[in-house]
2 protein chains.
Amino acid sequence: MKKTYSTQEIEKRLSEAGVQPTLQRIAIGQYVLCDADHPTAEDVLAWAEKKLMKISQATVYNTLNTLVEAGLARPFRFPHSDKVVYDSNLMDHFHFLDEKSGQVYDIAMEDIEIKVEMPKKYKIKSLDVVIKGEIKN
Amino acid sequence: MKKTYSTQEIEKRLSEAGVQPTLQRIAIGQYVLCDADHPTAEDVLAWAEKKLMKISQATVYNTLNTLVEAGLARPFRFPHSDKVVYDSNLMDHFHFLDEKSGQVYDIAMEDIEIKVEMPKKYKIKSLDVVIKGEIKN
DNA sequence: TCTAATATTAGAATAATTCTAAACTTAGAA
DNA sequence: TTCTAAGTTTAGAATTATTCTAATATTAGA
C-alpha cells in the first residue's frame, strides 16, 4: 500500500524540494514517508527516542513543519484528538476514523462518489471528508 | 435561518435536557443557540464581558461542555484554527469554510449528493464534510 | 580552512482547555 | 422559614500541544 524509499531516495526527495538533507530530516522523513501511518509529533519523537537517536522535541516539530512546507507530507486534525497527524499520501483522498481505536485509514477518492451542488458564489478549493465509524474484523 | 428562542424557551430546553437553568447557562445558552454563529469559547467570553456579565472563563467552558453533553450544541474543529467551535444546528449538516475570513457556513445535507461505497467491514456511523474555499460576494 | 548560512537544541513561552478546591446558590425536606 | 445536601461558579493552578528564543553546532561552498 505504502511506498518504500531508500535513504538515498529520501535524501533526493528532500534535496529536490529544496530542503537540506540532514541526518535528522532523513531519519524522520523516512519514518513519516514510509514506515509510519498517520503519526503525530509525539509518535515521531517516541520512535526516534526508541531508536536511541539523540533528537530534541523542537527538531521533531521543525522537521515535520519542514516536510509539510516542502510538500512531502500533509497535516490533518481529526475530531477525536487535538494532535496534528501527518499524512504522506499526497494524492487527494479521504479518511476513515475508527472511533474505537482512533486509527485513521486512507480512503481513495474512487471509493466515494460525491457531488456538490452549491450557489456559484461559493468557490470550492478543496474538500475534507472524514468518515467516522468502526471496523469489524 | 436560525431559530430565535425567548429566555423562557431556553430555560425550558435546559430543564428538559436535565440541566439546571442557572443565570449563566441561560445567558450563554441564548447566545450560543440563537444569536451567535459558530462561536468559540473565546467569543462567548468576550460577548459575556461586553454585556458586563460577571462570569469566569471556567464557567464559559463548563457551560459549553454542559450544552454539548445535553445535546443542545455540537463541537467542531476546523483546519484553520485550533479552537473548538460550537454549532447549535442539530440537524445533520456539512460545513463550508471561507479560507479568507475563517467564517464557517452550514450546508444542508440536501445540497450535497454523497455516496460512499466501502467494504462491509467499515461500519459507518457519521460523516464530517468540510468544503474549503472562498465566497465571492 | 574560513565564513556565512542553516540546523539543532534546551528550555522558556504561548494558547486552549481542564482541574482543583473553596465559596456560593439552590432545591427541597423538615 | 430554616437547614442541609447537592449542584454551580469561581480564581487560579495545571496540563498539553506547539512555537519561540537565542545559544551552539553543522554544513556548503568560496
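Residues numbered from 1 in each chain as written. Chains lettered and ligands numbered in written order. Predicted model: local features only at pLDDT ≥ 70, side-chain atom pairs only at ≥ 80, totals over all residues. Heavy atoms only, no water.

Account for the interface of chain A and chain B, with residues named and values stated.
Listed as interface residues are 32 residues of chain A and, on the opposing side, 32 residues of chain B. Taken over both partners, the interface formed by chain A and chain B buries close to 3,100 Å², and the fraction arising from carbon and sulfur atoms is 55%. Where chain A packs against chain B, one counts five salt bridges. Ionic pairing is found between B:Lys125 and A:Glu134, a salt bridge with its closest N-O pair at 2.9 Å. At the level of elements, β5 (112–116) and β6 (122–135) of chain A are the ones that each hand at least two residues to the side of chain A that touches chain B. By residue number, the principal contributor to the side of chain A that touches chain B is β6(A), which donates 14 residues. Grouping the amino acids of the side of chain A that touches chain B by side-chain chemistry returns 14 nonpolar, four polar and 14 charged. (Contact = heavy atoms within 4.5 Å. Buried area = accessible area lost by both parts, 1.4 Å probe. Salt bridge = Lys/Arg side-chain N within 4 Å of Asp/Glu carboxyl O. Helix = DSSP H or I, 4+ residues; strand = E, 2+ residues; numbered from the N terminus. Nonpolar A, V, L, I, M, F, W, Y, C, P; charged D, E, K, R; others polar.)

Give me the relation of the copies chain A and chain B: which residues, what numbers.
When chain A is fitted onto chain B, the two copies agree to an RMSD of 0.0 Å after a turn of 180° and an axial shift of 0.0 Å. The transformation relating the two chain copies, once decomposed into turn and shift, fits a two-fold axis. A shared binding surface is used by both copies, with 100% of the interface residues of chain A retained as interface residues in chain B. (Least-squares fit on C-alpha atoms with pLDDT ≥ 70 in both.)

Let's hear about the domain arrangement of chain A: which residues, and what values?
Residue and element names in this part refer to chain A. Under the domain assignment, chain A is made up of domain 1 (7–76) and domain 2 (91–133). On the domain 2 side, the residues contacting the four residues of domain 1 number eight residues. Counting each side, the surface lost to burial between domain 1 and domain 2 is near 430 Å², with a carbon and sulfur contribution of 46%. For domain 1, the biggest contributors to the area lost against domain 2 are His-38, Arg-74 and Phe-76; these three give 86% of the whole. (Domains from an automatic or database assignment.)

Help me get a handle on the pattern of salt bridges, residues and values and all.
For the structure shown, the criterion picks out 15 salt bridges over all chains. A:Lys136 is paired through a salt bridge with A:Glu134; the nearest N and O atoms lie 3.7 Å apart. Accessibility expressed as a relative area gives 44% for A:Lys136, which makes it partly exposed. For A:Glu134, a relative accessible area of 16% translates into the label buried. In this structure, a network of salt bridges that share partners links the residues A:Lys100, A:Glu134, A:Lys136 and B:Lys125. (Buried < 20%, exposed > 50% of the residue type's maximum accessible area, 1.4 Å probe, protein only.)

Just give me the short version of the protein's contact with DNA strand C, but keep the residues and values in it.
Neighbouring DNA strand C are 18 residues, the closest being A:Thr22, A:Ser56, A:Thr59, B:Lys83 and B:Val84. In DNA strand C, atoms within 4 Å of the protein come from the sugar-phosphate backbone in 85% of cases. In the environment of DNA strand C, a phosphate oxygen lies 3.0 Å from a nitrogen or oxygen atom belonging to the side chain of A:Gln24. Interatomic distance of 3.3 Å between a side-chain N/O atom of B:Asn65 and a phosphate oxygen of DNA strand C. At the level of secondary structure, the elements contributing two or more residues to the surface near DNA strand C comprise α2 (23–35) and α4 (57–69) of chain A together with α4 (57–69) of chain B. Per-element tally for the surface near DNA strand C: the top contributor is α4(B), with four residues. (Near = heavy atom within 4 Å. Polar contact = N/O pair within 3.5 Å; in protein donor to acceptor, adjacent residues only side chain to side chain.)

Tell me about the protein's contact with DNA strand D, and name the residues and values.
Taken together, 17 residues lie around DNA strand D, and A:Lys83, A:Val84, B:Thr22, B:Arg25 and B:Thr59 are the ones closest in. Of what DNA strand D places within 4 Å of the protein, 86% of the atoms are sugar or phosphate. Interatomic distance of 3.2 Å between a side-chain N/O atom of B:Gln20 and a sugar or linking oxygen of DNA strand D. Sorting the residues of the surface near DNA strand D by element identifies α4 of chain A together with α2 (23–35) and α4 of chain B as the ones contributing at least two each.

Explain the sheet that holds strand β3 (residues 93–98) of chain B residue by residue, including any values.
Backbone-to-backbone hydrogen bonds join strands into a sheet, with any given pair of strands oriented parallel or antiparallel. Ordered by their spatial adjacency, six strands build an open sheet running β4(A)-β3(A)-β6(A)-β6(B)-β3(B)-β4(B), and the pairing between neighbours is mixed. The strands lining the two open edges of the sheet, one partner per strand, are β4 (104–108) of chain A together with β4 (104–108) of chain B. The average angle at which neighbouring strand axes cross in this sheet is 30°, direction not considered. Note: strand β3 (residues 93–98) of chain A against β6(A), four bridges, orientation parallel. Bridging across to β6(A), A:Asp98 finds its partner in A:Gly133. (Pairing = 2+ DSSP bridges. Axes fitted to C-alpha atoms, helices over the stretch in contact; angles between N-to-C directions.)

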